[in-house]
Amino acid sequence: MVGLIRSDGVVVGVAFCILGGYWAYRTKVLNTYLQISLVCLLLAVFYLFWRYSYFRMLLPLPLYVKMTRGHLEGLKDNIEWLTMAGGPRYALCLLLVFIGSLIPTHGIQVWRMFLSFIPVSFLFFELIFAVQIQNSWWRFQAPVFVVLLFMLFQSAVYLAGAGQKFLTFLLVVAVFVPVFALIALGISWINFSYAPQYQFYLGSFSVKLGQILNKENKMALTEAGALAYWSNASLEDIAGLNNPLTAAAPATVDYLRDTNPEIMMFHHAGTLKSEMLHRFDKKPIQSITSAVLIEAQDRGISEEYENIFQGGLKSYKKTNLKVEQVAAIVMAKYLTLYADNYYLYSVSCGDDYCHIYALRKDFKLKNDILKELRLALQGNYQSYAQAKHFLFT
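Along each chain, residue indices are assigned from 1 in the same order as the chain's sequence is written. Per-residue local features of the predicted model are confined to residues with pLDDT of at least 70, and side-chain atom pairs are confined, for both listing and counting, to 80 or more; whole-chain, interface and lining totals are unaffected and use all residues. The basis for every side-chain value is the complete set of heavy atoms in the structure, and neither hydrogens nor water enter the calculation.

Enquirer: Report on the overall build of the protein, specifying residues and quantitative values.
Expert: The helix and strand inventory of the protein stands at 18 helices and six strands. The rule is simple: take the accessible area with a 1.4 Å probe, protein chains only, and divide by the maximum for that residue type; under 20% is buried, over 50% is exposed, in between is partly exposed. Expressed as a percentage of its 393 residues, the buried residues of the protein come to 43%. In the protein, 65% of the contacts between residues at least 6 apart in sequence involve partners at least 24 apart. Helix and strand definitions here come from DSSP, where helices need a minimum of 4 consecutive H or I residues and strands a minimum of 2 consecutive E residues; each element is numbered from the N-terminal end. Throughout, a residue-residue contact means that at least one pair of heavy atoms, one from each residue, lies within 4.5 Å.

Here you go:
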C-alpha cells in the first residue's frame, strides 16, 4: 500500500515485510504470516502485470525519472537535509544519548526501536541514488524524521518507567518543542497559502481548462500534476513522471512535431531569463515571439543549455541538468522552429514569469482558454472544494 501512495515507498514496504517475517519467526506464527504474504504477493504480481501492460514498464515511472544519472545524485541533498538547522541532526544526537542510557535496563526495547528504523533508513539510502526533483519542504525525507520523533517519544516512555525523571523531562521538552514549532509553521503556511494575494492561478485555471478541452485535444506540458488532473484531453507529460516515453529518454523536437499539440505549457525551470519575458510592463500575461525565446535562453548559467537547445539530448545520463530543465529547453526549441504555428505567451508565477504557454493558431478553443487564463491571473480564484461543488462551498 505504501508503494501505491509513493513509488519510493516500495523500499519501506519491502523492509517492513522482512521485519514482519522475522517477528513471525520469533513468535512462532511464521506459517500464518507466509500464507497472508502469499496472497499479498499474488495481488502484487497482478498489479505489476497490469502496470506493465499499460506502461510497458515494470516499475513506477517516477523511479525511472529519478534514477537517470547512474551516480550518487541525491547524496548532496541528503547531507544538506541532515545538517540544516531545521533538519534531524539534533533529534539524532538526542536519540543516541538517550538510547545509550537505556541499553543497560531496556536492551530488548532498544533493539526493537533499532529494527523499526531500518525501513526508513533503506529509504534514506535509496534517495542517495535519486534525482530529488520536486522535493518541496524535504517531503521525501519526511518518513525518516517522523520515525525519529516516534523513537524519541518511546525513549521518553522507557526513561519515565526507569525513574529517570530529569532525563525524561529533557527528552519531552526536546520532542515537544520542535513538534509544536512544526505545527505552528504548518498552520501559518496554510494561512499563507489561502491568503487572497498568494492564491496561485493554476488552482483555478486547471479546472476551467479541463472543462474547455475534450478527448480529441492534445496538450504537451511539464506541469502534469497541476493541469492534467481535471482534463480528459490527450496529455503528453514531457518531464516523464506520467509518460513512459519521456521517462526512459528525453523528449525530442521530432517527438513534439509528431504529437503536434494544440496547447503547450512548461515551467522554464531557470533555463530562460525571466526579465526578457516581460520587457515592457508587468502584466501577468505577455504575448511574446520566438525571437524572445531565443534571446531569453540563459547561456550564462550553463553551456549545456545551449548544447541541448542546438543538438538535443539522447540520454539523461549525459547531462547534469534536471529532467524539467531538459524538457523546458526541448519545448522552447520546438516553439522556435514552429513559431509560425503558435501564439506564444509568458505568464507570471508571482515574482517570476516562469510559465510559457503556446496555443496553436488553428486551435478553435484558444480564445476560450485565453479568457479563463486571464481571469485566473486577475484573482478569480476557485478552491478545490468549490470546483468539486462540495457542501457549503
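There's plenty left to go through after this.
Enquirer: Would you mind going over the nonpolar core in detail, with residue names and values included?
Expert: Take the buried residues of types Ala, Val, Leu, Ile, Met, Phe, Trp, Tyr and Cys, join any two whose side-chain atoms come within 4.5 Å, and each joined set is a nonpolar core. Formed by 44 residues in total, the largest nonpolar core has its most connected members in Ile238, Leu256, Met264, Phe266, Leu277 and Leu335. Those elements giving two or more residues to this core turn out to be helix 4 (61-66), helix 13 (253-259), strand 3 (263-267), helix 14 (290-296), helix 15 (303-311), helix 16 (323-337), strand 5 (342-347) and strand 6 (355-360). Broken down by element, the residue count for this core peaks at ten residues, all from helix 16. Every residue in contact with Ile238, bar those within four places of it in the chain, is listed here: Ala220, Leu221, Thr246, Ala251, Tyr255, Leu256, Tyr316, Ala327 and Met331.

Enquirer: Describe the pairing of strand 5, with residues and values.
Expert: Across the six residues that make up strand 5, a large majority, five, are buried. Looking at chain direction, strand 4 (residues 285-288) and strand 5 are connected through four bridges and run antiparallel. By the bridge assignment for strand 5, Gln286 is matched with Ser346. What makes two strands pair is DSSP finding at least two bridges between them.

Enquirer: So what's going on with the sheet that holds strand 5? Which residues, and what values?
Expert: Taken together, the six strands give an open sheet; going across it, the order is 2-1-3-6-5-4, and neighbouring strands pair in mixed fashion. At either margin of the open sheet sits one strand with a lone partner, and together these are strand 2 (234-237) and strand 4. Direction aside, the axes of adjacent strands within the sheet are offset by 20 degrees on average. Each axis is a line fitted through C-alpha atoms, and for a helix only the stretch in contact is used; angles between axes span 0 to 180 degrees, taken between their N-to-C directions. Strands strand 1 (218-221), strand 3, strand 5 and strand 6 of the sheet are contacted by helix 10 (residues 201-212), whose axis makes an angle of about 20 degrees with strand 6. Sitting on the sheet, helix 17 (residues 366-377) is in contact with strand 3, strand 4, strand 5 and strand 6, with an inclination near 155 degrees to strand 6.

Enquirer: Give me the side chain of Thr246: which residues, what numbers.
Expert: Within the element layout of this structure, Thr246 appears in helix 12 (residues 244-248). Polar contacts involving the side chain of Thr246 include one to the main-chain carbonyl oxygen of Asp237, which spans 2.7 Å. Ignoring sequence-local partners within four residues, the contact set of Thr246 consists of Asp237, Ile238, Ala239, Gly240, Ala251, Tyr255 and Tyr316. Residues adjacent in sequence count toward polar contacts only when both atoms are side-chain atoms; beyond that, a polar contact is any pair of N or O atoms within 3.5 Å, and within protein one must be able to donate a hydrogen and the other to accept it.

Enquirer: Lay out the packing of aromatic side chains with the relevant residues and their values.
Expert: When two rings of Phe, Tyr or Trp (its six-membered ring) have centres within 6.5 Å they constitute a pair, described as stacked for plane angles under 30 degrees, edge-to-face for angles over 60, and tilted for the intermediate range. Across all of its chains, the model carries nine aromatic pairs by this definition. Between the aromatic rings of Trp81 and Phe124, the centroid separation amounts to 5.9 Å while the plane-to-plane angle is 45 degrees, which identifies the pairing as tilted. Highlighted residues: Trp81 in helix 5 (residues 75-83) and Phe124 in helix 7 (residues 107-127), separated in sequence by 43 residues. Per residue, the accessibility class of Trp81 equals that of Phe124, and both read buried. When the centroid spacing of 6.0 Å and the interplanar angle of 75 degrees are considered together, the rings of Phe205 and Tyr357 count as edge-to-face. With Phe205 in helix 10 and Tyr357 in strand 6, this pair connects stretches of sequence that are 152 residues apart. Assigned by exposure class, Phe205 and Tyr357 land together as buried. Taken together, the ring pairs in this structure connect Tyr201, Phe205 and Tyr357 into an aromatic cluster.

Enquirer: So what about the environment of Tyr357? Which residues, and what values?
Expert: Residue Tyr357 is classed as buried on the basis of its relative accessible area of 1%. A sequence separation of 72 residues divides Tyr357 from Ile285, and the C-alpha atoms of the two residues are 9.6 Å apart. Among the polar contacts listed, one links the side chain of Tyr357 to the side chain of Tyr201, at a separation of 2.9 Å.

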